[in-house]
Amino acid sequence: MLETSKPAGRRVVVLGTGGTIAGRARAAGDNLGYTAGEVGVAELLADVEAPPGTILLAEQVAQIDSKDMEFAVWQRLAQRCDAWLAQPDVAGVVVTHGTDTLEETAFFLQSVLAPGKPVVLTCAMRPATSLSPDGPQNVRDALAVAATPGASGVTVVCAGVIHGAHDVQKVHTYRLDAFASGDAGPIGYVEEGAVRCVRNWPSAPGGRAYPAIDLIAGLAQWPRVEIVTSHAGARGTLVDILVSEHLSASTPSRLDGLVAAATGNGTLHHALEAALLRAQAAGIAVVRATRCAEGRILAHPSAGLRDAGDLTPVKARVALMLELIAAGPRS
Ligand code: ASP
């Protein structure tokens, strides 16, 4: 852990988890052939100034490519955020993270912490060794948000834009401004260190965490929730195999939930829908989430499978896992 020798003030804690922002390539001109999660978080902060009146602290929580995100990292990250936020002199936490699963981690942290102080995830599309890396500016912007009085909840800061955990999605494979907030729009912008909000922060102080962080921290086995996609020519075979494995005494393979990445307003190919209804009847929790990048599923009373509203399939999966955790182990 590094504590920089800055004048005394409120602390802002930077938790490193890896990603392209901590990526290293052999050549400065190479923005593709790099290894994510190589540069330590203390090194990422070496040339970054603390926002006025704050002291920076760095802690390495993980060092991974976020495409390989695991529950154990989420568990540790949530615990470390919770512990730091409980310190009265900590203004907020910044998390450096890969872009690939950033929105899932943001949604997970918002769901389990609902923090009254800011937790700001940031990232980069170019490695730290790039001729022109985007990480340092993103870190500066994230620090500005974390030090902003009155800021709260989990946000993502990338390319000068502040997104809320609920709405943020990675929408571009290459552009530096790779994230968007869909219909909701961003929470605000960071302009030369000044935060300009255009809507409210994700959670009010004291917002209820669900399920409790203690439950997450002590969890030995996470629910297994798979995502299946509805598309032209879809079949129910995959779902039937998962359910029959689950039910089979000879090959016990637990399945707790299924998220159907549905077309349009939550519609499913009839063959897949029939299999999902069979899965639901067998005791598996089934949720429909739209494949559309924007909008929400408008519920209809005739639907046999519940929907995830405006959550994307990956976020609906996180929500369903947390719901199953909160409900406790199945008999
Ligand atoms: N694969 C990288 C990661 O998610 C991509 C990135 O950070 O941009 O860690």
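Below: a short report on this structure. Model, not experiment: these values are computed from the prediction.

1. Some remarks on the overall build of the chain
Summing up its helical and strand segments, the chain has 8 helices and 17 strands in all. Expected size for 331 residues packed as a compact globule is a radius of gyration near 20 Å; at 21 Å, the chain falls within 12% of this value. Over its C-alpha atoms, taken along the principal directions, the chain stretches across nearly 60 × 45 × 40 Å. Sequence separation of 24 or more characterises 72% of the internal contacts of the chain that already satisfy a separation of 6 or more. Both charge centroids of the chain, one from 27 positive and one from 32 negative side chains, sit 3 Å from each other.

2. Notes on the pattern of salt bridges
A side chain of one charge can pair with a side chain of the opposite charge when the charged atoms of the two come close. Taken as a whole, this structure holds 12 salt bridges when the rule is applied. The closest approach of N and O atoms between Arg80 and Glu59, which form a salt bridge, is 2.7 Å. Remark: Glu59 occurs in strand β5 (residues 54–64) and Arg80 occurs in helix α2 (residues 71–85); sequence separation between them is 21 residues. Overall, Glu59 belongs to the buried group, its relative accessible area being 7%. Where Arg199 meets Asp167, a salt bridge forms, and the shortest distance between an N and an O atom there is 3.0 Å. With Arg199 in the loop between β13 (194–197) and α5 (213–217) and Asp167 in the loop between β9 (161–164) and β10 (169–170), this pair connects stretches of sequence that are 32 residues apart. Its relative accessible area of 29% is what places Arg199 among the partly exposed residues. Among the charged side chains, a salt-bridge network with shared partners connects Glu59, Arg76 and Arg80.

Scoring rules and cut-offs
Residues numbered from 1 in each chain as written. Predicted model: local features only at pLDDT ≥ 70, side-chain atom pairs only at ≥ 80, totals over all residues. Heavy atoms only, no water. Helix = DSSP H or I, 4+ residues; strand = E, 2+ residues; numbered from the N terminus. Rg over C-alpha atoms; globule rule 2.2 N^0.38 Å. Contact = heavy atoms within 4.5 Å. Lys, Arg positive; Asp, Glu negative; His and termini not counted. Charge placed at Lys NZ, Arg CZ, Asp CG, Glu CD. Salt bridge = Lys/Arg side-chain N within 4 Å of Asp/Glu carboxyl O. Buried < 20%, exposed > 50% of the residue type's maximum accessible area, 1.4 Å probe, protein only.

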